[in-house]
Amino acid sequence: MIPTLDDLETMARHAGEILRAGYNSRPGSASRLEVNFKGPIDLVTDIDLQSETYLLTEINRRFPGHRIISEENGLTEGDADDLWLVDPLDGTINFAYGIPIFCVSLAFVRAGQVQLGAVYDPLRN
């Protein structure tokens, strides 16, 4: 099964809802954002992981057997001809420090050629 642009837009918007809800839980707000380091200067937040879990679950549900490369989980094996590229929170440092410039990024690649892409900024819709 091949996704449509509507599929990517729907998934990006729902992941964006997760980011928007989590944005108010960053340090200094009423609730606390969980921030960890993947490397010396590479952050990951609990919101990255929530967004990615949603996206991977949806891709696997809607398009079973597709291969996925995601920022936090890495490679999910599948059909090499159908590949998803997932960044569940592009701009984690901005997000963690309260800078309102971040997004969800998704792309679908078929037989080595990018077919579809979606970048969604949840704060500006």
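Caption draft 1: Summary view of unusual backbone geometry. With a phi close to 50°, alanine 111 is a non-glycine residue in the positive phi region. Mapping alanine 111 onto the fold places it in the loop between strand 6 (103-110) and strand 7 (113-120). Under the relative-accessibility criterion, alanine 111 is labelled exposed at 54%. With phi around 55°, asparagine 125 is a residue other than glycine that occupies positive phi space. Position of asparagine 125 among the secondary structure elements: in the segment after strand 7.

Caption draft 2: Structural context of a nonpolar patch on the surface. On the surface, Ile93, Tyr97, Ile99 and Ile101 cluster together into a nonpolar patch covering about 430 Å² of accessible area. Relative to the assigned elements, tyrosine 97 resides in the loop between helix 3 (92-96) and strand 6. For tyrosine 97, a relative accessible area of 62% translates into the label exposed.

Caption draft 3: Highlighting the sheet that holds strand 7. As summarised here, the arrangement of the five strands in space is 4-3-5-6-7, forming an open sheet in which the pairing is mixed. Two strands close off the open sheet at either side, each with one partner strand: strand 4 (74-76) and strand 7. Strand-to-strand twist of the sheet, defined as the mean angle between neighbouring strand axes without regard to direction, takes the value 15°. In this structure, strand 6 lies alongside strand 7, joined through seven bridges in antiparallel fashion. Among the inter-strand pairings, arginine 110 is bridged to a residue of strand 7, identified as glutamine 113. Across the face of the sheet, helix 2 (residues 46-62) comes into contact with strand 3 (66-70), strand 5 (79-90) and strand 6 while running at roughly 155° to strand 5.

Caption draft 4: Examining the packing of aromatic side chains more closely. Considering all chains together, one arrives at five aromatic pairs under this definition. Seen from their ring centres, tyrosine 23 and phenylalanine 102 are 5.2 Å apart, and the 40° between their planes marks the pair as tilted. Highlighted residues: tyrosine 23 in helix 1 (residues 5-23) and phenylalanine 102 in the loop between helix 3 and strand 6, separated in sequence by 79 residues. For the pair formed by tyrosine 23 and phenylalanine 102, the shared burial category is buried.

Caption draft 5: Highlighting the side chain of aspartate 7. Looking at the secondary structure, you find aspartate 7 in helix 1. On the basis of relative accessibility, which here comes to 18%, the residue aspartate 7 falls in the buried class. Only 2.8 Å separates the side chain of aspartate 7 from the backbone nitrogen of threonine 4, close enough to count as a polar contact. With residues near it in sequence (within four places) discarded, aspartate 7 still touches Arg62 and Phe63.

Here is what the cut-offs are and how they apply
Residues numbered from 1 in each chain as written. Predicted model: local features only at pLDDT ≥ 70, side-chain atom pairs only at ≥ 80, totals over all residues. Heavy atoms only, no water. Helix = DSSP H or I, 4+ residues; strand = E, 2+ residues; numbered from the N terminus. Buried < 20%, exposed > 50% of the residue type's maximum accessible area, 1.4 Å probe, protein only. Patch = residues over 30% accessible without salt bridge, like charges linked within 9 Å, V, L, I, M, F, W, Y side chains within 5 Å. Areas by Shrake-Rupley, 256 points an atom, 1.4 Å probe, with all protein chains shown as cover. Salt bridge = Lys/Arg side-chain N within 4 Å of Asp/Glu carboxyl O. Pairing = 2+ DSSP bridges. Axes fitted to C-alpha atoms, helices over the stretch in contact; angles between N-to-C directions. Contact = heavy atoms within 4.5 Å. Phe/Tyr/Trp six-rings, centres within 6.5 Å; stacked < 30°, edge-to-face > 60°. Polar contact = N/O pair within 3.5 Å; in protein donor to acceptor, adjacent residues only side chain to side chain.

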